[in-house]
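Structural overview
Listed below are the residues making up each chain.
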Amino acid sequence: MSRQARAAGRTIGTRLLSAQALVLIASIGTAAAVAAVVGPPLFHAHLLESGHVENSPEMIHIEMAYREANLVAFGFAVVVAIACSLAVSLYLARRIQDPLSDLAEAAGDMAGGHYDVRLPATAAGPELDAVVTAFNTMAEQLEHTEDTRRRLLSDLGHEMRTPLSTVRAYLESVDDGVRQWDEETREVLHDQVARLSMLATDVADVSAAEEGRIALDCEEVDVGALLESAVSASHSSYEKAGVDLVVTGPSSTCSVRADDRRLGQVLTNLLDNALRHSHSGQSVTLSAQVTGPTVEISVSDHGDGIPAEQLNHVFERFYRGDSARHHTGHRSGIGLTISKAIVEAHQGRIRVESAGAGEGAKVTFALPQI
């Protein structure tokens, strides 16, 4: 146990004992005052009513005996009360001191970077149990944040390493005369610079999304036209990969109030994500349907799927599942994070479903219908 933890425990224990002592002293003083003021006159009145003569030797002796008996009984009661109060105070102080000392020690460990520390449930009452639960929740979130930070650094390093290495190799080849500056070289360098530019854009977008700085220029948008535009933008990529893109529009004309450019970004992210996890010969379905007051737009594939333990993390920044790390491309793995922020900025909601690894996945977002 750390010195600070022990000091904190002693301080709380001492304060609790002091508080109990003050309460006990106040109670004893109050009881003594009441007994001294109320008891003798009342006893004296009862003696007179029973026929004793005022100031007789017998009456004086009886009243002295009464006061002495009261004093002895009161003294014995004070001793018993002090002993019981001390025992109860020590018991309560121990029950409170130990969990708080553990909490102080765990907080110190966490401050030192040990985010895997957890506290067991206590029997010190619902208040301390609530504190322990909140601490464990905070520890889990900090541990997850640290894992995300590490993945971020790893992913950024991985994403930047390949294009930078390619640019450097081509430039050195041109300088050494091994390669000429021709159309092929220009296209390769242009492609790698575009890849780095896309990474920078994604990082900026996810930062804006997390800070709630997504600007929207909303107007009435036809859902059918929105799907057609997204298909046109992704058609060549799907055709090149040998993956069929199937479109199922809404059964009737429907519109949403939205920023069509931002919604196009969402659909592009979802279609790109589905394509990365699909294989040649498979298909991806883009569909829309009216469900009550909302319009639901879905992108479903039959590709790699998502394990159950990863479903709750797919919208987190820079999170990429195991299967995503085997796919290359110009995306940084934060498209779903940006998409979620854009949908929520439109007062919508988004969810992902998958039956498991190898079973494909379906991402659906719903927007209020006009």
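Up top you'll find the structure we're talking about.
Below or above, wherever it landed, is the structure these notes cover.

What counts and what doesn't
Residues numbered from 1 in each chain as written. Predicted model: local features only at pLDDT ≥ 70, side-chain atom pairs only at ≥ 80, totals over all residues. Heavy atoms only, no water. Pairing = 2+ DSSP bridges. Helix = DSSP H or I, 4+ residues; strand = E, 2+ residues; numbered from the N terminus. Axes fitted to C-alpha atoms, helices over the stretch in contact; angles between N-to-C directions. Expected span 1.5 Å × (residues − 1). Bend = angle between axes of the 7 residues up to and from the residue. Buried < 20%, exposed > 50% of the residue type's maximum accessible area, 1.4 Å probe, protein only. Polar contact = N/O pair within 3.5 Å; in protein donor to acceptor, adjacent residues only side chain to side chain. Salt bridge = Lys/Arg side-chain N within 4 Å of Asp/Glu carboxyl O. Core = buried A, V, L, I, M, F, W, Y, C linked by side-chain atoms within 4.5 Å. Contact = heavy atoms within 4.5 Å.

The strands making up a sheet are joined through hydrogen bonds of the backbone, oriented either antiparallel or parallel. Pairing within the open sheet is mixed, and its five strands lie in the order β2-β4-β5-β7-β6. Looking along the sheet, the strands with just one partner apiece sit at the ends: β2 (244–248) and β6 (349–353). Strand-to-strand, the axes of this sheet are offset by a mean angle of 15°, without reference to chain direction. As paired strands, β2 and strand β4 (residues 283–291) are joined by five bridges and run parallel to one another. By the bridge assignment, T248 is partnered in β4 with S287.

Moving on: helix α5 (residues 223–241). A rise of 1.5 Å per residue sets the reference length of α5, with its 19 residues, at 27 Å; its end C-alpha atoms lie 26 Å apart and thus fit the reference within 8%. Along α5, the sharpest change in direction is near 45° and occurs at S234. Among all positions in α5, only V223, L226, L227, A230, V231, S234 and Y238 are buried. If you check the start of α5, you find a side-chain oxygen 3.2 Å away from the backbone N of G224, and it comes from D222. Downstream of α5 by one or two residues, G242 has phi in the positive range, about 75°.

Our next topic: the pattern of salt bridges. Taken as a whole and judged by the stated rule, the model has six salt bridges. R351 is the partner of E296 in a salt bridge, and the nearest nitrogen-oxygen pair spans 3.9 Å. In this pair, E296 is assigned in strand β5 (residues 294–301) and R351 in strand β6, connecting sequence segments 55 residues apart. Here E296 falls in the buried class, since its relative accessible area comes to 11%. Overall, the relative accessible area of 35% leaves R351 in the partly exposed class. The shortest N-O distance in the salt bridge between E353 and R351 comes to 3.6 Å. For E353, a relative accessible area of 38% corresponds to the partly exposed category. Within this structure, E296, R351 and E353 form a network of salt bridges that share partners.

Right, let's get into helix α6 (residues 260–276). Compared with an ideal rise of 1.5 Å per residue, which puts 17 residues at 24 Å, α6 spans 24 Å between its outermost C-alpha atoms and is within 8% of the ideal. Every buried residue of α6 is listed here: R262, L263, Q265, V266, L267, N269, L270, L271, N273, A274 and L275. Where α6 begins, one side-chain oxygen reaches toward the backbone nitrogen of R261, 3.0 Å away; that side chain belongs to D259.

The tendency in soluble globular proteins is for nonpolar side chains to be buried as a group. L286, I297 and F365 are the most contacted members of the largest nonpolar core, which totals 42 residues. Taken together, the elements giving at least two residues each to this core come down to α5, β3 (255–258), α6, β4, β5, α7 (335–345), β6 and β7 (361–368). The element contributing the most residues to this core is α6, with seven residues. Apart from residues lying up to four places away in sequence, L286 is in contact with L227, A230, V231, V246, V247, T248, L267, L271, I297, S298 and V299. L103, L119, V132 and F135 belong to the second largest nonpolar core, which has eight residues in total.

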